[in-house]
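Letter by letter, the chains look like this.
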Amino acid sequence: HELQALGYTVVLAADGASALECLEARGAQVRAILTDIRMPGIGGLELASRVRETYPELPILMMTVEPSALQDARLPPDQVVKSAIAWLVERAHYH
């Protein structure tokens, strides 16, 4: 709701497969993807990998409320934070 209040169109997908279908249907209209690392079926990491094949420049921001998801994904927490900060700083320079 917060993003919609700021004027963004938000498309919800129940899982990674649905997210890929939404992306295929909307193509270049999609400006960014916000996904959970853990989802049923196709998880966030696999989703990101598949999206990168067709849309290498599309920003993808992954989140999780489960710290174990970072361990399962073999992502060191300090690197995740550094990557997120770098992404936010980079985007701030474009706006």
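Everything below is about the structure printed above this text.
Caption draft 1: Just the packing of helix 2 (residues 16-26) against helix 3 (residues 44-54), in detail. Following both chains from N to C, one finds helix 2 and helix 3 inclined at 20 degrees, their axes separated by 10 Å at the closest point. On the basis of their axis angle, the class for helix 2 and helix 3 is roughly parallel. The handedness of the crossing between helix 2 and helix 3 is right-handed. In this structure, helix 2 uses Gly16, Ala19, Leu20 and Leu23 to contact helix 3, whose residues at the interface are Leu47, Arg50 and Val51. Classifying every residue of the contact of helix 2 with helix 3 by side-chain character gives five nonpolar, one polar and one charged.

Caption draft 2: View of the nonpolar core. Among the nonpolar cores identified, the biggest contains 10 residues, and these are Leu20, Leu23, Val30, Ile33, Ile42, Leu47, Ala48, Val51, Leu58 and Ile60. Those elements giving two or more residues to this core turn out to be helix 2 and helix 3. When residues in this core are grouped by element, the largest group, three residues, is from helix 3. For Val51, the contacting residues outside a window of four places in its chain are Leu20, Leu23, Ile33, Pro56, Leu58 and Ile60.

Calculation notes
- Residues numbered from 1 in each chain as written.
- Predicted model: local features only at pLDDT ≥ 70, side-chain atom pairs only at ≥ 80, totals over all residues.
- Heavy atoms only, no water.
- Axes fitted to C-alpha atoms, helices over the stretch in contact; angles between N-to-C directions.
- Helix = DSSP H or I, 4+ residues; strand = E, 2+ residues; numbered from the N terminus.
- Parallel < 35°, antiparallel > 145°, perpendicular 65-115°, else oblique.
- Left-handed = near helix turned anticlockwise from the far one by under 90°.
- Contact = heavy atoms within 4.5 Å.
- Nonpolar A, V, L, I, M, F, W, Y, C, P; charged D, E, K, R; others polar.
- Core = buried A, V, L, I, M, F, W, Y, C linked by side-chain atoms within 4.5 Å.
- Buried < 20%, exposed > 50% of the residue type's maximum accessible area, 1.4 Å probe, protein only.

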